[in-house]
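Chain and residue survey
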Amino acid sequence: MFGLTTLAANKLPLGNMLFIIISFLLLMLILKKVAYGPLTKVLDERADKISADIDGAELARQDAEKLAVQRQSELADTRQQATKVVADAKASAQKQSDSLISTASDRATLINKQAQTDAEKLKEDAISNAKNDVAALSVAIASKLMQKELSLNDQQALIDAYISDLETK
């Protein structure tokens, strides 16, 4: 078409071949400007984004590891604090229990002493009442025996004498 010159070995027309080569080179240049350049740019941007994502993921993994270590440390501290709180509560309960037992023991001792005092007083009152009853009976018997009436002072002196005589025996 462009030329009738042909290559001797292949019998191809040289003009067609030059046109194809130039067209090919021109097509490559246009593709480089229009397609390969933007495509390469997009691929580079994508590679940069993937690299940034990988770096971000690595940083996130490191942060997660730090947080896991921190969480373990806080968990250990929390367990230690919980153990301390339980120990303090046990100590407080033991102290309160000891205090209540001591108070109850003191109160029981006081009640026991009060009961002994009351028993002593009741005993003394009973003995006094018994003495008075014995004295009244003795006076009644004596007055019937003697057929005379004694005065109150004489009766009391006689009773005291009998009682002191009984106590010495």
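Bear in mind the structure is a predicted one, so any value in this text is a computation, not a measurement.

About the thresholds
Residues numbered from 1 in each chain as written. Predicted model: local features only at pLDDT ≥ 70, side-chain atom pairs only at ≥ 80, totals over all residues. Heavy atoms only, no water. Helix = DSSP H or I, 4+ residues; strand = E, 2+ residues; numbered from the N terminus. Buried < 20%, exposed > 50% of the residue type's maximum accessible area, 1.4 Å probe, protein only. Areas by Shrake-Rupley, 256 points an atom, 1.4 Å probe, with all protein chains shown as cover. Patch = residues over 30% accessible without salt bridge, like charges linked within 9 Å, V, L, I, M, F, W, Y side chains within 5 Å. Salt bridge = Lys/Arg side-chain N within 4 Å of Asp/Glu carboxyl O. pLDDT = per-residue confidence, 0-100. Contact = heavy atoms within 4.5 Å.

1. Some thoughts on the overall build of the protein chain
- Of the regular secondary structure elements, the protein chain holds two helices and zero strands.
- Out of the 169 residues in the protein chain, the part that is buried amounts to 6%.
- Within the structure as shown, the protein chain displays about 14700 Å² of accessible surface, and the carbon and sulfur contribution to it stands at 63%.

2. Some remarks on a nonpolar patch on the surface
- There is a patch of nonpolar side chains on the surface, built from Ile21, Phe24, Leu25, Met28, Tyr36, Leu39 and Leu43 and spanning about 680 Å² of accessible area.
- On the secondary structure map, Leu43 appears in helix H1 (residues 14-146).

3. Brief notes about the confidence of the model for the protein chain
- Mean pLDDT over the protein chain stands at 82; residues scoring 70 or higher make up 83%.
- A low-confidence stretch, residues 1-9 stays under pLDDT 50, and its non-local contacts, those more than four residues away or across chains, total 17 contacts.

4. Focus on the pattern of salt bridges
- As enumerated under the stated definition, the model contains three salt bridges in all.
- Linking Asp53 and Lys49 is a salt bridge whose minimum nitrogen-to-oxygen distance equals 3.2 Å. One end of the pair, Asp53, and the other, Lys49, are both in helix H1, four residues apart, so they sit about a helical turn from each other.
- Since its relative accessible area comes to 42%, Asp53 is described here as partly exposed.
- We note a salt bridge from Glu58 to Arg61, for which the minimum N-O separation is 2.3 Å. Placement of both Glu58 and Arg61 in helix H1 is noted, with a separation of three residues, approximately one turn of the helix.
- Taken together, the shared-partner salt bridges connect Glu58, Arg61 and Glu65 into one network.

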